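# Structural characterization, general
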Amino acid sequence: MLTFRRALVAAVFFIAVLFLTTRSSSPAASAAAVEYPKVQPGAEAERQESQTTASSGQKAADDQAVQNGGHQGGPPKQKPMKDMSRMTLYEKLAYQFPYDVETKFPAYIWQTWKWTPAHGEFTFREQEATWTEQHPGFIHEVITDQVAVHLLRLLYGSVPEVLEAYEALPLPVLKADFFRYLILLARGGIYSDIDTYAIRSALEWVPESVPRDQIGLVIGIEADPDRPDWKDWYSRRIQFCQWTIQSKPGHPVLREVVSRITEQVLKRKRAGSLKDVVDKDVIEFTGPALWTDIIFGYFNDERYFDMENSVGLIDWKNFTGMETARRVGDVIVLPITSFSPGVQQMGAKDYDDPMAFVKHDFEGTWKPESERHIGEQ
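If you look the protein chain up in an unreviewed UniProt entry, it shows as Alpha-1,6-mannosyltransferase Och1 from Podospora pseudocomata. Checking UniProt for the protein chain, the heading Sequence similarities (unreviewed entry) contains the comment "Belongs to the glycosyltransferase 32 family."

Attention now moves to the nonpolar core. Among the nonpolar cores identified, the biggest contains 62 residues, and Tyr156, Phe178, Phe240, Trp291, Phe299 and Phe319 are the most heavily contacted of them. For this core, the element with the highest residue contribution is helix H8 (residues 172-187), accounting for ten residues. Of all hydrophobic cores here, the second largest spans 19 residues; its members include Ala202, Ile215, Leu334 and Phe339.

Looking now at the pairing of strand E7 (residues 244-247). Burial along E7 is two-sided: Thr244 and Gln246 facing one way and Ile245 and Ser247 facing the other are all buried. Pairing analysis gives four bridges linking strand E3 (residues 189-192) to E7, with the strands arranged antiparallel. Across the sheet, tyrosine 191 pairs through a bridge with isoleucine 245, a residue of E7. With two bridges joining them, strand E5 (residues 217-223) and E7 adopt antiparallel strand pairing. Residue pairing in the sheet places valine 218 in a bridge with glutamine 246 of E7.

According to the stated counting rule, one finds 17 salt bridges in the structure shown. With its nearest N and O atoms 4.0 Å apart, the salt bridge here joins arginine 200 to glutamate 204. Assessed through its relative accessible area of 45%, glutamate 204 is described here as partly exposed. Glutamate 323 is the partner of lysine 349 in a salt bridge, and the nearest nitrogen-oxygen pair spans 3.4 Å. Of this pair, lysine 349 sits in the loop between helix H12 (336-339) and strand E10 (358-360) while glutamate 323 sits in the loop between helix H11 (288-299) and strand E8 (326-328), placing them 26 residues apart in sequence.

We now examine the confidence of the model for the protein chain. Across the protein chain, the average pLDDT comes to 81, with 75% of residues at or above 70. Segment residues 16-76 is flagged for pLDDT under 50; beyond a separation of four residues in sequence, or across chains, it makes 13 contacts in the model. In this model, residues 365-377 is a region of pLDDT below 50 whose contacts with residues beyond four sequence positions or in other chains number 45 contacts.

Take the environment of leucine 274 next. Looking at where leucine 274 falls in the secondary structure, it is placed in the loop between helix H9 (252-271) and helix H10 (282-285). Linking leucine 274 and proline 170, residues 104 residues apart in sequence, is a C-alpha distance of 6.9 Å. In contact with leucine 274, not counting residues within four places along its chain, are Ala168, Pro170, Val265, Arg268 and Lys269.

Another aspect to go through is the packing of helix H4 (residues 89-96) against H9. In the contact formed by H4 and H9, the axes pass within 9 Å of each other and the chain directions differ by 140°. Classed by the angle they form, the pair H4 and H9 counts as oblique. Taken as a pair, H4 and H9 cross one another with a handedness that is right-handed. Counted together, Leu89, Tyr90, Leu93 and Ala94 of H4 and Pro252, Arg255, Glu256, Val258, Ser259, Thr262 and Glu263 of H9 form the full contact between these two elements.

With 20 residues, H9 should cover 28 Å at 1.5 Å per step; its first-to-last C-alpha distance of 28 Å lies within 8% of that length. Along H9, the residues classified as buried are Pro252, Val253, Leu254, Arg255, Val257, Val258, Ser259, Ile261, Thr262, Val265 and Leu266. Glycine 272, located one to two residues past H9, shows a positive phi value of around 75°.

Turning to the packing of aromatic side chains, a few remarks are in order. Applying the stated criterion to the full structure yields 18 aromatic pairs. Measuring from centroid to centroid gives 6.4 Å for phenylalanine 122 and phenylalanine 124, while their planes differ by 75°, and the two rings are edge-to-face. As far as burial versus exposure is concerned, phenylalanine 122 and phenylalanine 124 are alike and both buried. What links up through ring pairs into an aromatic cluster is the set Phe240, Phe296, Tyr298, Phe299, Tyr304, Phe305 and Phe319. The ring of phenylalanine 105 carries the charged tip of lysine 248 above its face, separated from the ring centre by 4.9 Å. Directly above the aromatic system of tyrosine 197 lies the positively charged group of lysine 359, at a separation of 4.9 Å from the ring centroid.

What counts as what
- Residues numbered from 1 in each chain as written.
- Predicted model: local features only at pLDDT ≥ 70, side-chain atom pairs only at ≥ 80, totals over all residues.
- Heavy atoms only, no water.
- UniProt positions renumbered as here; feature names shortened; annotations may be inferred.
- Core = buried A, V, L, I, M, F, W, Y, C linked by side-chain atoms within 4.5 Å.
- Buried < 20%, exposed > 50% of the residue type's maximum accessible area, 1.4 Å probe, protein only.
- Helix = DSSP H or I, 4+ residues; strand = E, 2+ residues; numbered from the N terminus.
- Pairing = 2+ DSSP bridges.
- Salt bridge = Lys/Arg side-chain N within 4 Å of Asp/Glu carboxyl O.
- pLDDT = per-residue confidence, 0-100.
- Contact = heavy atoms within 4.5 Å.
- Axes fitted to C-alpha atoms, helices over the stretch in contact; angles between N-to-C directions.
- Parallel < 35°, antiparallel > 145°, perpendicular 65-115°, else oblique.
- Left-handed = near helix turned anticlockwise from the far one by under 90°.
- Expected span 1.5 Å × (residues − 1).
- Phe/Tyr/Trp six-rings, centres within 6.5 Å; stacked < 30°, edge-to-face > 60°.
- Lys NZ or Arg CZ within 6 Å of the ring centre and 35° of its normal.

This is the structure we're talking about:
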């Protein structure tokens, strides 16, 4: 029998259940039922800090769960960066700037000068414009000396020894050489000295018969002195030019040249002999002699070429007198006419030849060292 006391207890129980049910309702209902206090000055920052701390705690829990084999709070986290402290410089560069020959050549044109084309004292408008005209759609950058420093710090921040070497170089012409290798290793594209004219588009540099996804570096012959006294005039019997280079990022030749220069610079710096490097040493230290040696070294490197089945070492004899492009592995070697037309020696043909791609005015070669900067040779 329902007595008054039992009825009262049942009513209280019902009201309590109803109250608890409404308190645990949907977020929308709660928001409508509860008035939050207005945010006081400084309170919002505290609330965000509290949320950040909570998020950090959750992230730490998630990371720990992933380490234990679970996936708490979402998908698996990204693997941590590889420890580079035990790597050689060459390995660091390979890790930081991986090479993939199947990618496209980046549509970059890199040049350097004291001023950009927007500056009134920029005196290479005619030459600079030809690169833009021949390469519509390319990103064309004229990098000043000051911008070059900041750009390299951005690209090579994880390889500080490279930055140390660049900043330690005592001559602007040395930095000019080093910069072109560094920018091409990191970003790829085309580097060309500011006093060059683009005669034809780089899209024509690789022969149509060669798949572009099998080529990662395009170079040209600078000198082919077929004369007994060639050593009086040039450093190498065949010398590859480095005033114009096209590459994909991370190419092993660029990796090797950056490693070699960095190690030599730091070695001389520690020995206190960097100040002894003078103009006549540039060709061997950072210039076309070093560049040529490293390219030939690459052509004969068993890591990249099947030397066991090769008919012999690849040397200057394979390139002297050539008049058309030649492929060696993932490298296209262009004849002397391509980047040195009109020099009227060593078999170079004129500017209107189908193989003439770039004209070089050599305007920086005669200036005293005090007037040079990273854009000149």
